[in-house]
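Examination of the molecular architecture
Listed below, chain by chain, are the residues.
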Amino acid sequence: MKLPIYFFGDNHFTPNPHVSNNKKIQKLKDFINLIDQNGGSIFIMGDFFDYYFEYKKNNPSFFNDLLDLFDRIKNKGIEIYFIAGNHDYWIGQKFRSSVTQAFLKDQILVTGKKRIFVTHGDGLLSWDWGYRMLRLIIRSKLVIFIYSLLPKALAFYIANKVSYLRKDSHRIDKKILDKIHNELINFARIKWAEGCDIVIMGHYHHSFYFEENNKELIILADCSEKKFNYAKYDGETISIDSL
């Protein structure tokens, strides 16, 4: 994996044409222009799409422009890595061919002087039983197969409904936020004890940083039409920035 590595995610590009989508695409292009001279790799940490389901044939053309952008990014010599989130777990061969490598599971990167544990971040909260059950369902091979048989319009309607119902899950008060952070810190401590130096994730749509004994936990905020949040790892240190 080429250095430096740029981490970002939670862009939530939607299938529906929208001015917000166009602004987020422009933010992504601005970001690529920013890192173009340095080269390296980008690591998308899931929920790049608000909804993505790939069929074996006759796929909707919702995201062709973004996949074409991936090709242009790779042509610049920049590698693209992707880990699936809860909104875009259902990737297939078409998507995989557009990136350098795609993962469905958490990854440990061993490059430079650090070991980095990369996860989207969903399903980690022990007390969020409702979501953990939903996560098992949407990742079930049987459910994915049945879903693939639905008329595309109906499949999109269902996905849109589920996505809409989950929108408020990121609007939480300080008490719950502290509870989330405490559990994620404990999760990070387990990974640190296993030999990782950095734990990085997205999913929660806000920024949080915690350091202990020279080990780091980073939660990156989302990439909206107003602000593109990312982290840069140069092989020795990791820094958080925005565009």
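Read on for an overview of the structure. (Residues numbered from 1 in each chain as written. Predicted model: local features only at pLDDT ≥ 70, side-chain atom pairs only at ≥ 80, totals over all residues. Heavy atoms only, no water.)

1. Considerations on the overall build of the protein
Cut-off, in case you're wondering: Numbering goes from the N terminus for both helices and strands, where a helix is a DSSP run of H or I of at least four residues and a strand is a run of E of at least two. For the radius of gyration, the atoms used are the C-alpha atoms, and the globule rule reads 2.2 Å times the number of residues raised to 0.38. Each residue's exposure class comes from its accessible area (1.4 Å probe, protein chains only) as a fraction of the maximum for that residue type: buried when under 20%, exposed when over 50%, partly exposed otherwise. Using a 1.4 Å probe, accessible areas were evaluated by the Shrake-Rupley method; residue-level cover was limited to the displayed protein chains.
Within the protein, the regular secondary structure consists of seven helices and 11 strands. For the protein, the C-alpha radius of gyration of 18 Å lies close to 18 Å, the compact-globule estimate for 243 residues. The principal-axis extent of the C-alpha atoms belonging to the protein is close to 55 × 45 × 30 Å. Counting the 243 residues in the protein, one finds 49% classified as buried. For the protein, the computed accessible surface area is about 12,500 Å², with 52% contributed by carbon and sulfur atoms.

2. With respect to the pattern of salt bridges
Two side chains with opposite charge may pair up if their charged atoms get near one another. As a reminder, the rule being used: In the sections that follow, a salt bridge refers to a side-chain nitrogen of Lys or Arg positioned within 4 Å of a carboxyl oxygen of Asp or Glu.
Within this structure, the stated rule accounts for eight salt bridges. Taken together, the shared-partner salt bridges connect Asp122, Arg135 and Arg139 into one network.

3. Things to note about the nonpolar core
The condition that has to hold: Throughout, nonpolar core names a set of buried Ala, Val, Leu, Ile, Met, Phe, Trp, Tyr and Cys residues whose side chains join them through atoms within 4.5 Å. Throughout, a contact is declared for two residues whenever any of their heavy atoms are within 4.5 Å.
Phe8, Leu28, Phe31, Ile42, Phe48, Phe70 and Phe95 are the most contacted members of the largest nonpolar core, which has 39 residues in total. Every element with two or more residues in this core is listed here: strand E1 (5-8), helix H1 (19-35), strand E2 (41-44), helix H2 (64-75), strand E3 (79-83) and helix H6 (152-165). Looking at which element gives the most residues to this core, the answer is H2, with five residues. When residues no more than four places from it in sequence are discounted, the contact partners of phenylalanine 70 are Ile44, Phe48, Ile80, Phe95, Ser98 and Val99.

4. Quick look at the pairing of strand E8 (residues 208-212)
Stated precisely, the cut-off is as follows: Here, strands pair whenever DSSP counts at least two bridges between them.
By the bridge criterion, five bridges tie E8 to strand E9 (residues 215-219) in an arrangement that is antiparallel. Residue pairing across strands places phenylalanine 210 opposite leucine 217, the latter belonging to E9. Once E8 ends, the chain turns through two residues before running back antiparallel as E9, passing asparagine 213 with a positive phi of about 55°.

5. Examining a nonpolar patch on the surface
For the record, the criterion: Patch membership requires over 30% relative accessible area and the absence of a salt bridge. Like charges are linked within 9 Å, and nonpolar side chains (Val, Leu, Ile, Met, Phe, Trp, Tyr) within 5 Å.
Taken together, the side chains of Leu142, Phe145, Ile146 and Leu149 define a hydrophobic patch exposed on the protein surface, amounting to about 440 Å² of accessible area. By the element assignment, leucine 149 lies in helix H5 (residues 141-149).

6. Thoughts on the packing of H1 against H2
Stated precisely, the cut-off is as follows: The axes used here are C-alpha line fits, helices contributing only the stretch in contact, and every angle between their N-to-C directions lies in the interval 0 to 180 degrees. Here the angle decides the label: under 35 degrees means roughly parallel, over 145 means roughly antiparallel, 65 to 115 means roughly perpendicular, and every other value means oblique. When residues are grouped by polarity, Ala, Val, Leu, Ile, Met, Phe, Trp, Tyr, Cys and Pro land in nonpolar, Asp, Glu, Lys and Arg in charged, and all others, Gly among them, in polar.
Close contact between H1 and H2 brings their axes to 12 Å; oriented N to C, the two are set at 5°. In terms of axis orientation, H1 runs roughly parallel to H2. Touching Ile25, Leu28, Lys29 and Ile32 of H1 are Leu66, Leu69, Arg72 and Ile73, all from H2. A breakdown of the residues in the contact of H1 with H2 according to their chemical character gives six nonpolar, no polar and two charged.

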